[in-house]
Amino acid sequence: MNGSAIFFGTPDFACPCLQALIEQVEVRLVVTQPDRPAGRGMKRQPTPVKLLAERNGIEVVQPSKVRTPQFARLLRARQVDLGVVVAYGRILPLEVLQIPRLGCVNVHASLLPRYRGAAPVQRSVIAGENETGVCLMQMDEGMDTGPLLAVSRTSIGENETAGELSTRLSEQGAELLRERLAELLRGELEPRPQAHQQATAAPALRKEEGLVDWNRPARQVHNLVRGFAPRPGAFSWLSGRRVKLHRTRVADASGAYGEPGGVVDTGDRTIRVACAPGLLGIEELQMEGKRRMTAGKLLSGCRLSTGDRFAVTVQGR
């Protein structure tokens, strides 16, 4: 297939799409976020997209600003057919979007116009959606508002976490790009305007949103835990200690089991907690200052019994 492209992307999610692009066209430049400090030593770490590009001998740039004449000139000098944007992490100005001959397209992890924004996968899980997908969208100046070029749908598992779903959608997005790239380069994909009146927002998650409210139905609490897994993590408090919840299941969606947050049962290596209504089974968790572990392992070394209670805040705060 003849064609050339510039790729904009940063995290692991973007790597399958970059690989798909490398397999089919000449990628003349990769644009990714600057290296950031990470880990215990806080050493600067390259982005996953940068590592993949360098392994394939592709030039990489990491601009601190994308609204400069210098950056625009750099892109124009590559003279490419297409720009592909996948989880880059910055809003590109119209001047940049119009530089490639065919403009820029975005691989977005939701069924637009639903879940426009930085956290479409997490927000769809938290909302309890049964279906999602990936869209190939012609980019414009707005936040995920451009016309749709292609869509691929998938169901969301009842116990699937946002992290697990994100991995699936990254591969699904890459496959959609493989399938439709030739048509896109030939100008054969007809743009379809989004139904803007049906739009919903998907802003980035705030850590404090992960605080569990046990006065909510078990299904809603379960969806919150799934949506915040693996990061930043849903959490509660137990005996004054912060507890991160990694994996849960709905033991019962509608029954009444006493005071919300109360431990109802610790049998079968699962901690079952009352909600309003319903019963939530905690299967994996992490006590403050400890490693992630199964509920069974925690119960083997920790006294936790019926009547103990998870709280919304530390007592006295």
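Presented here is a report on the structure given in the accompanying data block.

Thresholds, definitions, all that
- Residues numbered from 1 in each chain as written.
- Predicted model: local features only at pLDDT ≥ 70, side-chain atom pairs only at ≥ 80, totals over all residues.
- Heavy atoms only, no water.
- Phe/Tyr/Trp six-rings, centres within 6.5 Å; stacked < 30°, edge-to-face > 60°.
- Helix = DSSP H or I, 4+ residues; strand = E, 2+ residues; numbered from the N terminus.
- Buried < 20%, exposed > 50% of the residue type's maximum accessible area, 1.4 Å probe, protein only.

Things to note about the packing of aromatic side chains
Alright, step 1. Taken as a whole, this structure holds 2 aromatic pairs when the rule is applied.
Alright, step 2. On the numbers, 5.8 Å between centres and 70 degrees between planes, the contact of phenylalanine 8 with tyrosine 88 is edge-to-face. With phenylalanine 8 in strand β1 (residues 4-9) and tyrosine 88 in the loop between β6 (82-86) and α4 (94-97), the pair connects residues that are 80 residues apart, well separated along the chain. For the pair phenylalanine 8 and tyrosine 88, one class covers both residues: buried.
Alright, step 3. Aromatic side chains tryptophan 214 and phenylalanine 310 sit 5.6 Å apart centroid to centroid with 45 degrees between the ring planes, which places their arrangement in the tilted category. You can see tryptophan 214 sitting in the loop between α6 (162-185) and α7 (218-227) and its partner phenylalanine 310 sitting in strand β16 (residues 310-311), a full 96 residues away along the chain.

Re the environment of glycine 187
Alright, step 1. Mapped onto the fold, glycine 187 is located in the loop between α6 and α7.
Alright, step 2. Glycine 187 gets classed as exposed once you look at its relative accessible area, which sits at 57%.
Alright, step 3. A C-alpha to C-alpha distance of 8.2 Å links glycine 187 and leucine 102, two positions 85 residues apart in sequence.

Read these as spatial facts, not as claims about activity.
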